[in-house]
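Working through the structure, step by step
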Amino acid sequence: MVKIKVLLVDDHCLVMDGIRQLLERELDLEVVGAVSSPTDLEQKIAQHQPDIIVMDIRFKGKNGLLWTRKISSLFPACKVVILSRSHCLEYMNAAYEAGAYAFVSKQDSVETLIHAIRESHRGVKSFPTHLVFHDRSSLTEMELAVLELIAQDKTNIEISEQLNISKRTVEHHVSSILRKLDVKSRAGAVGKAIELGLFG
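Residues numbered from 1 in each chain as written. Predicted model: local features only at pLDDT ≥ 70, side-chain atom pairs only at ≥ 80, totals over all residues. Heavy atoms only, no water.

With that settled, the discussion passes to the UniProt feature "modified residue: 4-aspartylphosphate" (unreviewed entry) in the protein. Cross-referencing UniProt, the feature "modified residue: 4-aspartylphosphate" (unreviewed entry) maps to D56 in the present numbering. Secondary-structure assignment places D56 in strand β3 (residues 52-56). (UniProt positions renumbered as here; feature names shortened; annotations may be inferred. Helix = DSSP H or I, 4+ residues; strand = E, 2+ residues; numbered from the N terminus.)

Structure below.
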């Protein structure tokens, strides 16, 4: 049997040891390493070549979602399962946007985590079905450019001049952005974009 190689990332050693013991009971899972410091993460990924990375949403004061985005870019074969202390809807959306394959609360059962690992390995994303996600890819490159200028507090006229498009076209893009992000105002769009990690 080819085992699913799992790398654990959490700065709480007791939690990580507990998860390791539970996962290693499964015949198809192999915990290849554990990382408690962000400085070791890239080296450990390169060393162990894990299929799945189970990562705390925050570790050592760092944002696990930023690391998830980075891992998706640098190690596209690795799939990230986010562990969180809460079922916060914003966190779930942000994890999805960052490229995570699953979101599991630490209050969930170990069976939930194991299922998420197996599904992620198959390339299937595991998120609560009631969530409505705002996929970054649903915003066009021009809409993202307009959104970034909105965040800089530019007027529609200034945006039209900077992007060399008509004011009416800018208005069309703004309306589309508000609709796709499900917000009512430009300020709301900026807030939602920050929350979902759309900038940078």
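A large share of β3 lies buried, amounting to five of its five residues. The alternating pattern of β3 places I52, V54 and D56 on one face and I53 and M55 on the opposite face, and all of these are buried. Summarising the sheet, strand β1 (residues 4-9) and β3 pair through four bridges and their orientation is parallel. Residue pairing across strands places V9 opposite M55, the latter belonging to β3. Relative to strand β6 (residues 79-84), β3 is paired through five bridges, and the arrangement is parallel. For V54, the partnering residue across the bridge sits in β6 and is V81. (Buried < 20%, exposed > 50% of the residue type's maximum accessible area, 1.4 Å probe, protein only. Pairing = 2+ DSSP bridges.)

In this model, Q49 sits at a positive phi of 50°, which is unusual for a non-glycine residue. With respect to the helices, strands and loops of the structure, Q49 is situated in the loop between α2 (41-48) and β3. The class of Q49 is partly exposed, set by a relative accessible area of 47%. A positive phi angle, close to 65°, is found at D153, a residue other than glycine. Looking at where D153 falls in the secondary structure, it is placed in the loop between α6 (141-151) and α7 (156-163).

Our next topic: the nonpolar core. Counting residues in each nonpolar core, the largest one holds 22 residues, and the members touching the most others are L41, I45, I53, M55, I71 and I82. No other element matches the four residues that helix α4 (residues 89-98) contributes to this core. Excluding residues that lie within four positions of it along the chain, I71 makes contacts with L41, I45, I53, M55, P76, C78 and V80. With 19 residues, the next largest nonpolar core counts L147, I159, L181 and A189 among its residues. (Core = buried A, V, L, I, M, F, W, Y, C linked by side-chain atoms within 4.5 Å. Contact = heavy atoms within 4.5 Å.)

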